[in-house]
Amino acid sequence: RVVQHLARAPAQPARMDLRLRIVLAQRLVEVVPQLMAAHCQGLLEEQQSEVAMRVLADAIRRRPSPFLLDVLGNALAEQGDLDAAVECWFEATKFSDADPQSWVSLLENPMHPKSESVVSRARSHDDPIVRDAVARWMVVRGLDHESAEVLANVYGRQWFVKPKRG
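These notes cover the structure that comes with them. Predicted, not measured: the structure shown is a model, and the values here were computed from it. (Residues numbered from 1 in each chain as written. Predicted model: local features only at pLDDT ≥ 70, side-chain atom pairs only at ≥ 80, totals over all residues. Heavy atoms only, no water.)

With that out of the way, let us pick up the pattern of salt bridges. By the definition in use, this model includes four salt bridges. Among the ionic pairs, Lys114 bridges to Glu87, the shortest N-O distance being 3.4 Å. Taken together, the residues Lys114 in helix 8 (residues 113–123) and Glu87 in helix 6 (residues 82–92) connect sequence positions 27 residues apart. Judged by relative accessible area, Glu87 falls into the partly exposed class, the value being 30%. Close ionic contact of Asp132 with Arg157 constitutes a salt bridge, the shortest N to O distance being 2.5 Å. Highlighted residues: Asp132 in helix 9 (residues 128–140) and Arg157 in the segment after helix 10 (145–151), separated in sequence by 25 residues. Looking at Asp132, the relative accessible area reads 5%, which means it is buried. Residue Arg157 is classed as partly exposed on the basis of its relative accessible area, which comes to 33%. (Salt bridge = Lys/Arg side-chain N within 4 Å of Asp/Glu carboxyl O. Helix = DSSP H or I, 4+ residues; strand = E, 2+ residues; numbered from the N terminus. Buried < 20%, exposed > 50% of the residue type's maximum accessible area, 1.4 Å probe, protein only.)

What follows covers helix 6. By the burial criterion, the buried members of helix 6 are Ala85, Val86, Cys88, Trp89, Phe90 and Ala92. Buried residues along helix 6 sit in contact with helix 5 (66–78), helix 7 (100–107) and helix 8. (Contact = heavy atoms within 4.5 Å.)

Listed below in structure tokens is the structure:
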């Protein structure tokens, strides 16, 4: 609940010293990566992308986390570096506690080789949102809707409707 609150709330007021915010972020990653990811998301929303990217990269080097990789991937995609973003999402999907949105973000790039390499694992994912993304991936790659629905195990779901990120 705290992570969701921090992610929705704007980052701390600008009057907080930037160095203090960097130290805070570095300490957060040692305690709870989700809090650190939310903190960096706030920095990104404040147009502090250079600082957020530096903090995220440092945190991932110190303690890799699917939450941090997802935030970094989203930031990189927003800046137009899709290859680096896909690499982050791909690395995030290697964790058992990866956010389903990392899988979806990766599969939304169906022509990228990294997305193809996770389809077999994603087809049997517990979260139906991930399997929905697999079905959409299959259709974009040329499979008919009915076959994609069966192969991705999403029969009867509105998998062709892309969910809003949030």
